[in-house]
Amino acid sequence: MLSLDQLKEFCAAQKIPAFRVKQIMQAVYQEGAETFNDITTLPAPIKKLLTDTFQISTVKPTAQEVSKDNSTVKILFELPDGNTIEGVLMRFNDGRRTVCISSEVGCPLKCSFCASGTLRFKRSLTWEEMADQVIYFSRYLKRNGEELNHVVYMGIGEPFRNYDNLLKSLAILMDPQYVGLGARKITVSTAGIVEKIRMFADEPFQVNLALSLHAPNQELRQKIMPIALRYKLDDLMDAVKYYLDKTKRRISFEYVMLRDVNDTEECAHELAKLVKGMLCHVNLIPYNATDIDTVAGSEKSTIKRFQEILNDAGVPATTRVSLGQDIAAACGQLANKAQKPVNMPRPVAMPSVVKKMARKVQAKMEK
Ligand code: SF4
C-alpha cells in the first residue's frame, strides 16, 4: 500500500513539489485511482516514477463472484507471496455497504461449522494486506457511485491472534487521509481470546467488538469451538464484563444457528440467562450451507422461536439478513476452491478428537 510517509520522503528526494503528495493521496484514497496512470492531473514522468517505485495495493483480485441480485460481491485476493484470502462486500437494502475482511491466511481455530477452518493456516496478514482489502472495496464502490460505510473483521482468521497488525490496519481505516471511517463503523470479531478482549477494552478508540459465542454453555461450546477448551466460558464472560465496564459500549454476541446442535429452546433459555442484563445484542446467524457441510442450518421457524425466547427474556436479539446464498458467501468458501481443504471435525465431535485439536490450537497460539 502507498503510505503517506513513504510518498513524502520519495517526493522530497525526487524534488517533486510537495502539493503533489496531497494530490496523489487524494486520487488514490478518495477518488478511487487504481493505478498512477489513472491520476490525470499528474505529468507522465511522475506517473512513471511512481509506477516504478510503489505498489498501490498488496492485494490483487484474482477471482470474483457476484450474487444474482448484485447484493454480494466476493473477491479472492492473491497476496504478494502467492497465498490467497477473500473479502466480501454486502449491499443491504437499508443502504449499508459492508465489507468483511480476512485477517489470516487460513484459520487454525477450526470451529466445526466454519469453511475457513478447513483452510490450512499459513500465516497472519500484514496490516497493509488487511487495510488494502478495504481500500479495494472502497474503490469498487466509488466506481459505482457508492460509499463504503461499514467494515467487519469477520472473514478468514482470528483478528486477535494478529493484534499489532490489527491495530495498525484500524488506524489506516480511521485515518481521514486513507479510508476515513468512523470507529463506530468498524467491528472486530473474536472467537474469544480472553486477554485480548481485555486489551481491546483498554484501547483509546471506539471500534465495536463482536464475540462469536455460538453456544450458551461450556460443554457445548467446546464441542463446536476447540478454542473454548483453552478459554473457558466463565473467564470469557468475565472479560466481556470488563469490556462493558470499561468502554460502556454494547457488545454483539454472534450465534450461528446449527440444526439440533445449539438451536433448542433450552439453549435459548440458557443463552438468555447468560447474557441478560448486559449491554449487548445477540445476532442470530442463519447458517450458510457450505461445500464441506457436516452440519445443517436451523429451520426458519426454529430461529424465529429462538429469537422470541431471547426477546421475551429482555435480551435484544435479531436475525441477520442472509445475503449471497447463491454464491456461498460464508467466509472461506471461495478460498476453499483455491486451496485443498484439510480434514474437519464433525460438529459435535468426540471429546478426544476435540481435545487433541485444542492442544494443537493452543500450541500454535503459544508460538
Ligand atoms: S469461525 Fe472464525 S475463528 Fe472459527 S474457524 Fe472460522 S474463521 Fe476461524
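Residues numbered from 1 in each chain as written. Predicted model: local features only at pLDDT ≥ 70, side-chain atom pairs only at ≥ 80, totals over all residues. Heavy atoms only, no water.

A. Structural view of the overall build of the protein chain. Per the secondary structure count, the protein chain includes 12 helices and 12 strands. Across the 367 residues that make up the protein chain, the buried fraction comes to 56%. Looking at the protein chain alone, contacts between residues at least 24 apart form 68% of all its contacts between residues at least 6 apart. Approximately 16,300 Å² of the protein chain is accessible, and the part contributed by carbon and sulfur atoms is 50%. (Helix = DSSP H or I, 4+ residues; strand = E, 2+ residues; numbered from the N terminus. Buried < 20%, exposed > 50% of the residue type's maximum accessible area, 1.4 Å probe, protein only. Contact = heavy atoms within 4.5 Å. Areas by Shrake-Rupley, 256 points an atom, 1.4 Å probe, with all protein chains shown as cover.)

B. Representation of the site of the ligand within the structure. Taken together, 10 residues surround the ligand, and among them Cys107, Lys110, Cys111, Cys114 and Gly157 come closest. In the shell around the ligand, the residues fall into five nonpolar, four polar and one charged. (Near = heavy atom within 4 Å. Nonpolar A, V, L, I, M, F, W, Y, C, P; charged D, E, K, R; others polar.)

C. Here's a closer look at helix α4 (residues 127-143). With 17 residues, α4 extends 25 Å from end C-alpha to end C-alpha; this agrees with the ideal 24 Å at 1.5 Å per step. In terms of residue burial, α4 counts as a mostly covered element, since 13 of its 17 residues are buried. (Expected span 1.5 Å × (residues − 1).)

D. Local environment of the pairing of strand β1 (residues 60-66). The pairing of β1 with strand β2 (residues 72-78) spans six bridges and is classified as antiparallel. By the bridge assignment, Val66 is partnered in β2 with Val73. As consecutive antiparallel partners, β1 and β2 are separated by five residues, and within that stretch Asn70 has a phi angle of approximately 70°, a positive value. (Pairing = 2+ DSSP bridges.)

E. Molecular detail of the packing of α4 against helix α5 (residues 163-174). Put simply, α4 and α5 touch, their axes get as near as 8 Å, and they point 35° apart. In this structure, α4 meets α5 at a crossing whose hand is right-handed. From α4, Trp127, Met130, Ala131, Val134 and Ile135 reach across to α5, where they touch Asn165, Leu166, Lys168, Ser169, Ile172 and Leu173. Residues that form the contact of α4 with α5 fall into these classes: eight nonpolar, two polar and one charged. (Axes fitted to C-alpha atoms, helices over the stretch in contact; angles between N-to-C directions. Left-handed = near helix turned anticlockwise from the far one by under 90°.)

F. Molecular detail of the nonpolar core. In terms of nonpolar packing, the biggest core is built from 109 residues, with Phe113, Tyr153, Phe200, Phe253, Val275 and Val282 touching the most fellow members. Top element by residues in this core is α4. It accounts for eight residues. Per-domain counts for this core show at least three residues from each of domain 1 (4-53) and domain 2 (60-366). By size, the runner-up hydrophobic cluster in this structure holds six residues, among which are Val88, Met90, Phe92 and Leu323. (Core = buried A, V, L, I, M, F, W, Y, C linked by side-chain atoms within 4.5 Å. Domains from an automatic or database assignment.)

G. Main features of the pairing of strand β9 (residues 208-212). Judged by how many residues are buried, β9 sits mostly within the fold: five of five residues are covered. Residues Asn208, Ala210 and Ser212 line one face of β9 and the alternating positions Leu209 and Leu211 line the opposite face, and both faces are buried. In this structure, strand β8 (residues 186-190) lies alongside β9, joined through four bridges in parallel fashion. The residue of β9 that forms the bridge with Thr187 is Asn208. Assessed by its sense of winding, the connection that carries the chain from β8 through helix α6 (residues 194-202) to β9 is right-handed. Strand direction decides the pairing type here: β9 and strand β10 (residues 251-257), joined by four bridges, are parallel. Residue pairing for β10: Leu209 is matched across the bridge by Ile251. (Right-handed = clockwise from strand over helix to strand, strands pointing away.)

H. Structural detail: the packing of aromatic side chains. Tallied over the full model, the rule gives 11 aromatic pairs. Plain terms: the ring middles of Phe160 and Phe200 are 5.2 Å apart, the flat faces sit at 55° to each other, and that makes the pair tilted. Remark: Phe200 occurs in helix α6 and Phe160 occurs in the loop between β7 (150-153) and α5; sequence separation between them is 40 residues. Through successive ring pairs, a cluster of aromatic residues spans Phe77, Tyr136, Phe137 and Tyr140. Taking the ring centre of Phe92 as reference, the NZ or CZ of Arg96 above it sits at 4.2 Å. Over the face of the ring belonging to Phe121 we find Arg161, whose NZ or CZ atom lies 4.7 Å from the ring centre. (Phe/Tyr/Trp six-rings, centres within 6.5 Å; stacked < 30°, edge-to-face > 60°. Lys NZ or Arg CZ within 6 Å of the ring centre and 35° of its normal.)

I. Highlighting the environment of Glu86. Looking at the secondary structure, you find Glu86 in strand β3 (residues 84-91). Its relative accessible area of 2% is what places Glu86 among the buried residues. In this structure, the C-alpha to C-alpha distance between Glu86 and Thr62, residues 24 residues apart in sequence, is 9.9 Å.

J. Seen up close, the pattern of salt bridges. In total, this model carries 17 salt bridges according to the counting rule given. A salt bridge links Lys246 to Asp202; the nearest nitrogen and oxygen atoms lie 2.7 Å apart. One end of the pair, Lys246, is in helix α8 (residues 233-247); the other, Asp202, is in helix α6, with 44 residues separating them in the sequence. Residue class for Asp202 comes out partly exposed when judged on its relative accessible area of 40%. Residues Glu219 and Lys223 are paired through a salt bridge, measuring 3.8 Å at the closest nitrogen-oxygen approach. In this pair, Glu219 and Lys223 are both assigned in helix α7 (residues 218-224), four residues apart and thus about one turn of the helix distant. Taking relative accessible area as the criterion, Glu219 reaches 54% and is therefore assigned exposed. Each of Glu265, Lys304, Arg305 and Glu308 takes part in one network of salt bridges that share partners. (Salt bridge = Lys/Arg side-chain N within 4 Å of Asp/Glu carboxyl O.)

K. Quick peek at the side chain of Ser102. One can find Ser102 in the loop between β4 (97-100) and β5 (104-105). Ser102 sits in the buried class, given a relative accessible area of 0%. A polar atom in the side chain of Ser102 sits 2.6 Å from the backbone oxygen of Glu86. (Polar contact = N/O pair within 3.5 Å; in protein donor to acceptor, adjacent residues only side chain to side chain.)

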